[in-house]
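# Per-entry structural report
Each chain, written out:
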Amino acid sequence: MKFIRHMDQKDDIFQKAFSLYQVSFPEKEQRSLDDHIRALADPRFFCETIWEGEQFCGLIFYWELSGFQYIEHLAIEPSLRGSGIGSRCLEEFCKRNQKIVLEIDPPIDDISIRRKSFYERLGFHYNGYYYIHPSYQKGCTPHQLLILSWPKPITEEEYRTFIRDMWEIVMLYSQNSASVGKCRTPLSEKVYPYSKNS
């Protein structure tokens, strides 16, 4: 398995990856193409495709932030889902990094429950912090997500660092970059576990 980084939207493979991105995530969780192109110029952002030999298997978009890698989006080609490619991709990604953070939907239906179990089987830990993710698109409502981390749970201080990096770096490349602060959980607030509102 290999990972190839793409830094130019004119790359044919980038176009293939972006098409997969658009069909794999809800609109509120997607950047516009223009915002994505701006993010490609940030050296902290990695847009990578996943390959087995000459076969395109999927994509992983992540950020190098303050002491950890933040997996923003991971998607596998629909025809390959259930084949173990997703597990192998994450295992390979974990081998080359030391601390990883990602987000998932709260486990409220069969799909989201299975997704949480999938990550936990690979060694990710649920962190019980109350977290609201803003929308990348104007007009979409911010939504609650769960924070998972590898290889161990993150401390409250690390969680606050993650939140700060999200607002000060990642969300710069969104349609809501000028107003995301209005829907963020202030860093001065007490950190509540997800179970508070579940």
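Above this text is the structure in question.
No experiment lies behind these values; they were computed from the predicted model shown.

### Structural notes on the sheet that holds strand β6 (residues 125–127)
Hydrogen bonds between backbone groups are what pair the strands of a sheet, and the pairing can be parallel or antiparallel. Spatial ordering of the open sheet is given by β1-β2-β3-β4-β5-β9-β6, a layout of seven strands whose pairing is mixed. The open sheet terminates on both sides in strands that have one partner only, identified here as β1 (2–5) and β6. With strand direction ignored, the average angle separating the axes of adjacent strands in the sheet is 35°. Bridge count for β6 against strand β9 (residues 146–150) is three bridges, and the pairing is antiparallel. Each residue of the ladder has a partner; that of Asn127, found in β9, is Ile147. Docked against the sheet, helix α5 (residues 156–168) engages β4 (69–76), β5 (100–104) and β9, running at close to 70° with respect to β5.

### Section: the packing of helix α1 (residues 12–24) against helix α2 (residues 33–40)
At a minimum axis separation of 13 Å, α1 and α2 run at an interaxial angle of 130°. The angle between the axes of α1 and α2 places the two elements in the oblique class. For α1 against α2, the interelement crossing comes out right-handed. Between α1 and α2, the contacting residues are Phe14, Phe18 and Tyr21 on the first element and Leu33, His36 and Leu40 on the second. Residues of the contact of α1 with α2, tallied by class, amount to five nonpolar, one polar and no charged.

Reading the values: rules and limits
- Residues numbered from 1 in each chain as written.
- Predicted model: local features only at pLDDT ≥ 70, side-chain atom pairs only at ≥ 80, totals over all residues.
- Heavy atoms only, no water.
- Pairing = 2+ DSSP bridges.
- Helix = DSSP H or I, 4+ residues; strand = E, 2+ residues; numbered from the N terminus.
- Axes fitted to C-alpha atoms, helices over the stretch in contact; angles between N-to-C directions.
- Contact = heavy atoms within 4.5 Å.
- Parallel < 35°, antiparallel > 145°, perpendicular 65-115°, else oblique.
- Left-handed = near helix turned anticlockwise from the far one by under 90°.
- Nonpolar A, V, L, I, M, F, W, Y, C, P; charged D, E, K, R; others polar.

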